[in-house]
Amino acid sequence: MPHTSPPTQIGPFLYFRASDAAGVAVDAIVIRKDTTPPAPILIQDTSHAPHLLVQLPAHTVWRYRLTLPPEATGYRFDGDTYRVTAHHAGDLRIGFVSCNGEEHGDLTRPEPERNVMWHRLLEQHRKAPMALLVQGGDQIYADEVTDGHPLSENWPDDVPLDPGAEDLADLEAHLSRGFIDRYLTVLGAAAPARLMAEVPSLAIWDDHDICDGWGSLRQQATMSAVGQCLFRVARRFYLLFQHGAVEADVPDLFLDAQGYSLSWRHHLPGVTLLAPDLRSERRRRQVMGIPGWRAIDETRLAAGDHMILVSSVPLLGPRLSLVEGLMMSIPKMQKYEDDLRDQWQSRAHRAEWQRMLRRVLEWRKAGPVTVISGEIHLATRAEMKSAPGPVHQLVASGISHRAPSAGYARGLGLLAGLGEAPLADHPIRILPVPGQKRRYTAERNALVLERVDGTWSARWHLESSGITPPLELSDGAR
Ligand SMILES: [Fe+2]
């Protein structure tokens, strides 16, 4: 059954803002096809009215600013009761998903097949509620939004040099319709919609939230009027649908008040979450610019905190520079070379990769560091050796993107067997997820991190193999 057009009203979707002794602050948005305001949200019998956030061509977006006190069990909206975990001290469960879509034909995939892992995650949430849903990149696959307009039809291979203002305004409207339609269809599906109504999200984008390979493409495409229009529109709807926000909110939500970099950091009791924006400032020879790196360098970890570092592309990986070197010598492999350029391991980014790894080792002296990543449509994990204990990396991808072949996963596993040590004395090992024999598991998947009695662990939810045994993440874990 293909997706049907979005209903009159979708949402609420919750976006995490802060967590402290007063409870959990979230913003919620509801999107309507007409201009009638949606119903108020009731928390412990207090009514919260929405305010109009954005008027889109065919929709209105309404926002609620809410605080759930620690003893609250959720909220009521439009006759339905939604359960929300409002106490973050003590036991805590965090879901992690990435790669929610596919490059071609994503909106016409049969819903039960496309969203099978979302349904499983929702089932798990009903048994053991998650307090937070981290979305690690490629929340939509926008690749097709450039189709159907003369200025962007051949993006990124053939980009018009000097388009007129009127044509560009027309392109902006075309791209806006494409992004809005995609977000509403993807978010509006039953299982992700219910999860996002009960579990506040924290999201960081990757390339497909803009277009395949954004930042790693040729400068003449990225910096063209068409490329900049695409980025501007992608960013507007990334803020709106992945952060429940508009441009004026940027200084409150992100570490760079100017918004050149949309990296964010949040503190929950005993845990720091940091998500560097690896897309806004990416260029052929740069992962992050001055604002992006400033946010990383200024991050200090309180002693004893557990750091969860969200790296949209894996920070610990095999020696891809070998493959990249080979591909650069074969013109037909150019497309794959762009994909490799997206990785931390690219030869063009080696100094920045080492800089980030050194920073991670500094944080590791204060407490455990767990990197969570997506991007590769496989489940895997890695460890980087360090004196206080390993830095863990957990890769979970994709929640709806189908896995590549088992042969591809095996090939990558062989490459990973070569090992990699970008910093002397800190070798990186790629390892199977618990219960699996091979380094890369070619199944759709999601991840749930859990703190029980102060001890952190993680389990992958694999499409065919089921839920893995836990991987212990805390120092001195039992
Ligand atoms: Fe992806």
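Structure shown above.
None of these values were measured; they are calculated from a predicted model.

Asker: I would appreciate a short explanation of the overall build of the chain in the present structure.
Answerer: Counting secondary structure elements, the chain contains twelve helices and 22 strands. Expected size for 478 residues packed as a compact globule is a radius of gyration near 23 Å; at 21 Å, the chain falls within 12% of this value. Its C-alpha atoms give the chain principal-axis dimensions of roughly 60 × 60 × 45 Å. Just so you have it, the chain exposes about 18700 Å², and 53% of that area is on carbon and sulfur atoms. Counting 51 positive and 58 negative side-chain charges, the chain places the centres of these two groups 6 Å from one another.

Asker: Could you clarify how one ought to interpret the packing of aromatic side chains in this entry?
Answerer: Each aromatic ring pair is described using two quantities: the centre-to-centre distance and the angle formed by the ring planes. Considering all chains together, one arrives at seven aromatic pairs under this definition. A centroid spacing of 6.3 Å and a plane angle of 85° characterise the contact between Y64 and F77, whose relative ring orientation is edge-to-face. Taken together, the residues span a long stretch of sequence, with Y64 in strand β6 (residues 60-68) and F77 in strand β7 (residues 74-77) at a distance of 13 residues. Considering the side-chain rings of W214 and F231, the 5.3 Å spacing of their centres and the 15° angle between planes classify their relative orientation as stacked. Linking W214 in the loop between β11 (201-203) and α5 (219-222) with F231 in helix α6 (residues 225-243), this pair joins segments that are 17 residues apart in sequence.

Asker: Would you mind going over the pairing of strand β13 (residues 271-275) with me for this structure?
Answerer: On any regular strand, side chains alternate: one points to one face of the sheet, the next to the other face. Most of β13 sits inside the fold, with five of its five residues counted as buried. Because side chains alternate across β13, one face comprises the buried residues V271, L273 and A275, and the other comprises T272 and L274, equally buried. Sheet topology places strand β12 (residues 264-268) next to β13; five bridges connect them, and they run antiparallel. Looking across to β13, one finds that H266 is bridged to L273. Between β12 and β13, which follow one another and run antiparallel, lie two residues, and G270 among them has a positive phi close to 80°.

Asker: Explain the coordination of the iron ion to me, please; I cannot follow it from the model alone.
Answerer: Coordination angles at a metal have ideal targets, namely 109.5 degrees for four tetrahedral donors and 90 or 180 degrees for six octahedral donors. Protein coordination of the iron ion is provided by C99 (SG), D138 (OD) and Y141 (OH), with donor distances spanning 2.0 to 2.5 Å. Motif for the iron ion, donor spacing along one chain: C-x38-D-x2-Y. Of this pair, C99 sits in the loop between β9 (92-97) and α1 (111-114) while D138 is found in the loop between β10 (132-135) and α3 (165-188), placing the two residues 39 residues apart along the sequence.

Asker: Can you help me understand the sheet that holds strand β8 (residues 80-83) in this one?
Answerer: Within a sheet, neighbouring strands are paired by backbone hydrogen bonds and run either parallel or antiparallel to one another. Within the open sheet, the four strands sit side by side as β4-β3-β7-β8. Their pairing is antiparallel. Of all the strands in the sheet, just β4 (46-48) and β8 have a single pairing partner and so form its edges. Averaged over neighbouring strand pairs, the angle between their axes works out to 30° when direction is ignored. Where β7 lies against β8, four bridges are found, and the strand directions are antiparallel.

Asker: So what exactly am I meant to see when it comes to the side chain of T272 here?
Answerer: Note that T272 resides in strand β13. Among the polar contacts made by the side chain of T272, one reaches the side chain of H267 at a distance of 3.0 Å. Only 3.0 Å separates the side chain of T272 from the side chain of D305, close enough to count as a polar contact. Once residues lying within four places of it in the same chain are set aside, the contact partners of T272 are R265, H266, H267, L301, D305, H306, M307 and I308.

Asker: What should I look at first to understand the sheet that holds strand β15 (residues 369-373) in this one?
Answerer: With respect to topology, seven strands assemble into an open sheet ordered β12-β13-β14-β15-β17-β16-β18, the strand pairing being mixed. The open sheet terminates on both sides in strands that have one partner only, identified here as β12 and β18 (428-431). The mean angle between the axes of side-by-side strands here comes to 20°, regardless of whether they run parallel or antiparallel. Sheet topology places β15 next to strand β17 (residues 391-395); four bridges connect them, and they run parallel. Among the inter-strand pairings, T370 is bridged to a residue of β17, identified as H392.

Definitions and limits used
Residues numbered from 1 in each chain as written. Predicted model: local features only at pLDDT ≥ 70, side-chain atom pairs only at ≥ 80, totals over all residues. Heavy atoms only, no water. Helix = DSSP H or I, 4+ residues; strand = E, 2+ residues; numbered from the N terminus. Rg over C-alpha atoms; globule rule 2.2 N^0.38 Å. Areas by Shrake-Rupley, 256 points an atom, 1.4 Å probe, with all protein chains shown as cover. Lys, Arg positive; Asp, Glu negative; His and termini not counted. Charge placed at Lys NZ, Arg CZ, Asp CG, Glu CD. Phe/Tyr/Trp six-rings, centres within 6.5 Å; stacked < 30°, edge-to-face > 60°. Buried < 20%, exposed > 50% of the residue type's maximum accessible area, 1.4 Å probe, protein only. Pairing = 2+ DSSP bridges. Donors = N, O, S within 2.8 Å, 3.2 Å for Na, K, Ca; no water. Axes fitted to C-alpha atoms, helices over the stretch in contact; angles between N-to-C directions. Polar contact = N/O pair within 3.5 Å; in protein donor to acceptor, adjacent residues only side chain to side chain. Contact = heavy atoms within 4.5 Å.

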